[in-house]
Amino acid sequence: MILKKEDAKMWYLVMLAHLASSTTMPTTTSASTAAFPARASFRDASSDIGPINTSLTSTPVPMHVKPEGVRLLKTLKPLHYQVRLQPFINGNFSIHGHVKVDFLVLTATHYVVLHMADIVSLNHTTKVVEKESKQEQRILQQKYSSSRMFYFILLQEALTEDTTYTLSLDFVGTLGEQPRGFYRSSYLKENGERSWVASTQFQSTDARRAFPCFDEPALKATFKIFLARERHMKSLSNMPLISTTPIEGQEGWVWDEFQKSVPMSTYLVAFAVYDFPVRIVNDGTNGTMLRVVTRKAMQGRTTHAGEIALRVLHYYESYFQISFPLPKIDFITVPENSFSAMENWGLITYRESGLLYDPESSSARQKQWTSYLVAHELAHQWFGNLVTLSWWTDLWLNEGFATYMAEYAIDYLEPSRKELEQFVVKRLQSVMTLDALRSSHPVSVAVNDPIQINEIFDVISYNKGASIIRMMSHFLTEIAFRSGLQTYLTQLSFKNADQDDLWQYLTVAAHGEGTLPQHLSVKTIMDTWTLQTGFPVVTVTRVGNTSAVITQEYFVLDVNTLVAREAQTKAHKWWIPVSYTTGENPNFSDTSVKFWLSDDGIEPVSFIGYPQPHHWLIFNIKQTGYYRVNYDEANWDLLTQQLQENHRVIHVTNRAQIIDDAFNLARAGRLSYRIALEVISYLGQEEEYVPWKAAFTNFQYLFDMFSRDPSFGGVRDYLLSVILPLYEKLGFHEAAEEALPTVLLRTNVVTWVCYLGHPHCRLESLSLFRRWKTDPVNFKGISSNIASAVFCTAIREGGEEEWNFAWRYTRANSGVSIPELKDALACTSEIWLLSRYLEGAFTTGSGMRRQDAGRTFTNVAVDGIGTLIAWDFLRANWNRITDYIGTTFFTLPKMVQEVSRSFNTPQLLAELEEFQRVNEGRLLMAERAVAQALESTRINLAWMQKNKAFIVDWLTQKGFSSRLSDI
């Protein structure tokens, strides 16, 4: 039958009433609830139920005897799910569902306990049946715990060990607005009509919001998905569609039945109901079927993603020696997504900004991002999907490997892009600053509830994870590393694993290849990198002409706690693979381990073979190891001299390492800023992207520390003097077929010079913007690679008219460099415009997507003018912000990190402390980020007290004074 409007309204009210309850689910159902619309359509007609067991035990089992905490007890193991869902995406957004789960009893129990959230179970439909005999088990009580998201079923008789049972029940839910579970989002068609999309985001613990399930990664099962949809819509799931049949009594509705899945975790289940066209990239006659699904207006921008996906897919099949295990893979862009992309097996969801690339209007950085993101999600199809973490403690195995393998694959397929060369500045160095805080965390970290799990989706899991994997591939050698991975994936296919399983397979491979001493295991080495916070600094100090003393120490930025540092140093030791080369015979191609520094605490280590005093030494070739290196002053002077005389003698990656190590050692009080500033004196000769990127990252810290200080003018003028020679060489206009590193270098240089207020850059940007504003469709004079700098400068220099024009243009469906223009809206110097922009970012109906709210905030927060405006907004609206964006993974921590990165005054520290106190218990995934912001602010305060005077005096001596008397 057709669902009547009054029935739908009634069901929605019932559902909301149940969801409002924070304690239990009802154990009885009213007469009106019993009239579940079209309930028979959810029931599997072939499942005949045997006689109901009406026998009673003499002593009923009390309801309080149930598992504690938020982890399920290991009493039941799911085997197979049948899930039927009817989402009313074009109606009242309710969901009618039916789930049937076959499960094996591992230990006799009176309880069936599943995860469930934002769902109302129709308790009169709940049945537990012994699968073979068809005998129904008597249910005494059903109960729900909202705090633990558990659905309890108490049975009269204990379930028998080693026996399979079937649980079935009907339920109702809703397609929510926040991108979690089974949710809704919308877009405007070219004719202005609003169209709705229903899609899923289950990682990490949100499958339970779509259907009751055993929602832990180790509880793999097979899935049979049925989706109801209107005929003018389409649907997708992990597996191929095998049939479409009309729903009896519901005109215009059909059931889509999908093929039974391979065994997989609940967080990888996915489905979508949409009205997009489908583009077939590969029809499956030669390899895996690959399709891209996106709104009609964007179909032309999916070519690059499809092409790179096919190449990466074939590469991974060759690298892992395992064919892609599913018959098809679909990419779909959804209007709202909590991640840039999600690796659901066979159905990867993307934001449009993650998948779409237009050669005419998109930047090289966007192409790089799309390539990386596609490769990252495809890597998960093996590392994470085929072999899955046992628990979220080892999230880093998923994300670290996908991050590293994506960079590795793209570097192999597109060597001119030099992705692995960029790795040190994009991944390794970028995470070290955060990891040098005491409030950082190990990559393998115990997590016990959904908020803690979501909190570790951070740069430690992704970038540090990738960096130590890269280190491991070098000290094991690529042959042993690849061999171990292949065996690991083959032996544990469709199973779960933890890091110790991987260590075992890699050890066997490395011992077999002779690349690891027999007395050493990968576990011995890698446990020191995965189970401890932070990383070491290796200090090399010459003693005599040809020998040195080498020590390792826990590296932290906190310069005011030397006693605590010494205490922690004794507890923090690593197995460190040491590689090196000398000025006497430079060799940067050999990254093999020359010797190991062990974690046994025996120090110092004598190093024989140090070059003669007039030759330099460099440890950590190509910065393959995840550690910093400090030297005696004489060696730093020799390195500085070499860079000035002929910097190309030193490998480009090690030039970046030297810059980054020097500035961070100085920042931590381990090296004089004189040395760090002299190291970069050669940059006028440097033309490579990677060393410059390392320099820009460290310039940013100086900029942040002085941005609200009276001495800022001298810092600004100094930075301009360093960058201007390269700006004058590169200019605004790129040559045809420039390599990616050159394009990225120009983007960074123009951005910095414009932001520092150089007259030529400002005037050129304003001129280009005005010409574009006159004819935005046809004017092609702004390269997409410098559009961000041009638009930002123009908006900063302009007023309300320019801002409003840019705002209106960003809302169009097509045009030039819309992402860059959208980001540039945060560059305005008008305080009221920034306030209005922030207000709109967290307001429904403002024209801004919910998924973009966090990025909008951080864009405002990192600008000098916007920092304090954003901080005031965050403090005043924390509850509103968290209600609006929910528990979206990176957003809240990123907002806190970015707004506070320049905090360096007692007042701002006090405000941050008050923010933590006022919002205790409500910080959600930002709890650790706030602790890190507090630590960073205290470090910044100490840094200003120790280093400001020296840097101001040094700049004055170089002719960059900010004193009024010197004007």
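All of these numbers come straight from a predicted model, not from anything done at the bench.

Reading the values: the criteria
- Residues numbered from 1 in each chain as written.
- Predicted model: local features only at pLDDT ≥ 70, side-chain atom pairs only at ≥ 80, totals over all residues.
- Heavy atoms only, no water.
- Helix = DSSP H or I, 4+ residues; strand = E, 2+ residues; numbered from the N terminus.
- Rg over C-alpha atoms; globule rule 2.2 N^0.38 Å.
- Buried < 20%, exposed > 50% of the residue type's maximum accessible area, 1.4 Å probe, protein only.
- Contact = heavy atoms within 4.5 Å.
- Areas by Shrake-Rupley, 256 points an atom, 1.4 Å probe, with all protein chains shown as cover.
- Lys, Arg positive; Asp, Glu negative; His and termini not counted.
- Charge placed at Lys NZ, Arg CZ, Asp CG, Glu CD.
- Core = buried A, V, L, I, M, F, W, Y, C linked by side-chain atoms within 4.5 Å.
- Pairing = 2+ DSSP bridges.
- UniProt positions renumbered as here; feature names shortened; annotations may be inferred.
- Polar contact = N/O pair within 3.5 Å; in protein donor to acceptor, adjacent residues only side chain to side chain.
- Axes fitted to C-alpha atoms, helices over the stretch in contact; angles between N-to-C directions.
- Parallel < 35°, antiparallel > 145°, perpendicular 65-115°, else oblique.
- Disulfide = S-S within 2.5 Å.
- Phe/Tyr/Trp six-rings, centres within 6.5 Å; stacked < 30°, edge-to-face > 60°.
- Lys NZ or Arg CZ within 6 Å of the ring centre and 35° of its normal.
- Salt bridge = Lys/Arg side-chain N within 4 Å of Asp/Glu carboxyl O.

Q: I'm lost on the overall build of the chain in this one. Help?
A: A tally of helices and strands in the chain yields 30 helices and 29 strands. By the compact-globule yardstick of 30 Å for 967 residues, the chain fits well, its C-alpha radius of gyration being 30 Å. Dimensions of the chain along its principal axes, counting C-alpha atoms only, are 90 × 70 × 60 Å. Of all 967 residues assigned to the chain, the portion counted as buried reaches 61%. For the chain, the share of sequence-separated contacts (at least 6 apart) that also reach a separation of at least 24 residues comes to 73%. In the form shown here, the chain has an accessible surface area of approximately 35800 Å², with 51% of it arising from carbon and sulfur atoms. Considering the chain, the positive charge centre built from 91 side chains and the negative charge centre built from 101 side chains are found 3 Å apart.

Q: I tried to follow the nonpolar core on my own but got confused; where do I start?
A: Soluble globular proteins tend to pack their nonpolar side chains together in the buried interior. In terms of nonpolar packing, the biggest core is built from 290 residues, with Phe211, Tyr316, Phe331, Trp529 and Phe699 touching the most fellow members. Contact partners of Tyr316, with chain neighbours within four places excluded, come to Gln321, Ala375, Leu378, Ala379, Trp382, Met405, Ala406 and Ala409. Core analysis: the next-biggest nonpolar cluster, separate from the first, contains 14 residues, Trp391, Ile453, Ile456 and Tyr462 among them.

Q: What is the right way to look at the pairing of strand S14 (residues 271-274) in this model?
A: Along a regular strand, successive side chains alternate from one face of the sheet to the other. The alternating pattern of S14 places Phe271 and Val273 on one face and Ala272 and Tyr274 on the opposite face, and all of these are buried. Bridging between strand S9 (residues 194-201) and S14 involves two bridges; their strand directions are antiparallel. Opposite Ser199, over in S14, you have Ala272 as the bridge partner. Taken together, the four bridges between strand S11 (residues 234-237) and S14 define a ladder with antiparallel strand orientation. If you follow Ser237 over to S14, its bridge partner there is Phe271.

Q: Any chance you could explain the environment of Gln897 here in plain terms?
A: Of note, Gln897 is situated in helix H28 (residues 891-900). By relative accessible area, which is 29% here, Gln897 ends up partly exposed. A sequence separation of 463 residues divides Gln897 from Leu434, and the C-alpha atoms of the two residues are 9.9 Å apart. Non-local contacts of Gln897, meaning those with residues more than four positions away in its chain, are made with Ala929 and Gln932.

Q: Any chance you could explain the UniProt feature "site: Transition state stabilizer" (unreviewed entry) in the chain here in plain terms?
A: The sites that UniProt annotates as "site: Transition state stabilizer" (unreviewed entry) are Tyr462. Here Tyr462 lies in helix H9 (residues 459-476). Exposure remark for Tyr462: the relative accessible area of 12% places this residue in the buried category. Setting aside residues no more than four positions away along its own chain, Tyr462 makes contact with Phe339, His376, Glu399, Gly400, Thr403, Phe457 and Phe890. A distance of 3.5 Å separates the side chain of Tyr462 from the side chain of Glu399, its partner in a polar contact.

Q: I would appreciate a short explanation of the UniProt feature "domain: Peptidase M1 membrane alanine aminopeptidase" (unreviewed entry) in the chain in the present structure.
A: Per the UniProt record, "domain: Peptidase M1 membrane alanine aminopeptidase" (unreviewed entry) is annotated on residues 307-529. Between the first and last C-alpha atoms of residues 307-529 the distance is 37 Å; the span itself is 59% helix and 8% strand.

Q: Help me understand the packing of helix H5 (residues 364-380) against helix H19 (residues 740-755), please; the structure alone is not making it clear to me.
A: To describe two helices that pack against each other, one gives the angle between their axes and the distance between the axes. Where H5 contacts H19, the axes come no closer than 10 Å and their chain directions differ by 125°. In this view, H5 runs oblique relative to H19, as classed from their interaxial angle. Across the interface between the two elements, Ala364, Arg365 and Gln368 of H5 pack against Leu740, Val743, Leu744, Thr747 and Asn748 of H19.

Q: I would appreciate a short explanation of the state of the cysteines in the present structure.
A: One way to say it: the disulfide is the covalent bond shared by the sulfur atoms of two cysteines. Scanning the model with the defined rule gives two disulfides in all. The residue that forms a disulfide with Cys754 is Cys761, at a sulfur-sulfur distance of 1.8 Å. Of note, the bridge from Cys754 to Cys761 carries an S-S torsion of about -85° and is left-handed in sense. On the accessibility criterion, Cys761 (0% relative accessible area) is buried.

Q: Which parts of the structure should I look at to understand the packing of aromatic side chains?
A: Under the definition given, this model contains 77 aromatic pairs. Ring centres of Phe339 and Phe890 lie 5.9 Å apart, and the angle between their planes is 70°; on these two criteria the pair is classed as edge-to-face. With Phe339 in the loop between strand S17 (328-333) and strand S18 (341-342) and Phe890 in the loop between helix H27 (878-885) and H28, the pair connects residues that are 551 residues apart, well separated along the chain. A residue is classified by how much of its surface remains accessible, and Phe339, at 4% relative accessible area, is buried. Looking at Phe890, the relative accessible area reads 33%, which means it is partly exposed. With a centroid separation of 6.2 Å and an interplanar angle of 70°, the aromatic rings of Phe842 and Tyr884 are classed as edge-to-face. One end of the pair, Phe842, is in the loop between helix H24 (831-841) and helix H25 (853-861); the other, Tyr884, is in helix H27, with 42 residues separating them in the sequence. By relative accessible area, Phe842 is classed as buried at 3%. The lysine or arginine in question, Arg628, covers the ring of Phe555, its NZ or CZ lying 5.6 Å from the ring centre. Arg667 extends its terminal NZ or CZ atom over the ring of Tyr701, reaching a point 3.6 Å from the ring centre.

Q: I would appreciate a short explanation of the pattern of salt bridges in the present structure.
A: It is possible for side chains of opposite charge to pair when their charged atoms get near one another. Enumeration over the complete set of coordinates arrives at 50 salt bridges. Here Arg674 makes a salt bridge to Glu633, at a shortest N to O gap of 3.0 Å. Residue Arg674 is located in helix H16 (residues 673-679), and its partner Glu633 is located in helix H14 (residues 633-646); the two are separated by 41 residues in the primary sequence. Judged by relative accessible area, Glu633 falls into the partly exposed class, the value being 47%. Glu898 is the salt-bridge partner of Lys894, the closest N and O atoms lying 3.1 Å from each other. Taken as a pair, Lys894 and Glu898 lie in helix H28 at a separation of four residues, close to a single helical turn. Among the residues examined, Glu898 registers a relative accessible area of 15% and is labelled buried. Three or more residues joined by partner-sharing salt bridges are found here, namely Glu407, Arg417, Glu419, Lys426 and Arg427.

Q: Can you walk me through the sheet that holds S17 in this structure?
A: In a beta sheet, neighbouring strands pair by backbone hydrogen bonds and run either parallel or antiparallel. If you trace the five strands from one edge of the open sheet to the other, you get S15-S16-S17-S19-S18, paired in mixed fashion. Looking at which strands have only one partner, the edges of the open sheet turn out to be strand S15 (278-282) and S18. Across four bridges, S17 lies against strand S19 (residues 347-350) in parallel orientation. The residue of S19 that forms the bridge with Ile332 is Thr349. Across the sheet, H5 is in contact with S17, S18 and S19; its angle to S19 comes to roughly 145°.

Q: I would appreciate a short explanation of the side chain of Asp863 in the present structure.
A: With respect to the helices and strands, the residue Asp863 is situated in the loop between H25 and helix H26 (866-876). Judged by its relative accessible area of 7%, Asp863 is buried. A polar side-chain atom of Asp863 sits 3.1 Å from a polar atom in the side chain of Arg796. For Asp863, the contacting residues outside a window of four places in its chain are Tyr755, Arg796 and Ala826.

Q: What should I look at first to understand unusual backbone geometry in this one?
A: Along the chain, Gln203 connects to Ser204 via a cis peptide bond; the corresponding omega equals 5°. Looking at where Ser204 falls in the secondary structure, it is placed in the loop between S9 and strand S10 (222-230). Even without a glycine there, the phi angle at Phe93 is positive, about 70°. Mapped onto the secondary structure, Phe93 falls in the loop between strand S1 (76-87) and strand S2 (94-105). Of note in the backbone geometry, Asp162 takes a positive phi value of approximately 60° without being a glycine. The residue Asp162 is located in the loop between strand S6 (150-159) and strand S7 (164-174) in this model. Judged by its relative accessible area of 60%, Asp162 is exposed.

Q: Would you mind showing me how to read the environment of Leu310 here?
A: Note on placement: Leu310 falls in helix H3 (residues 303-320). Sequence separation between Leu310 and Asp660 is 350 residues, and the spatial gap between their C-alpha atoms is 37 Å. Beyond its immediate chain neighbours, meaning those up to four positions away, Leu310 contacts Val281, Asn282 and Leu290.

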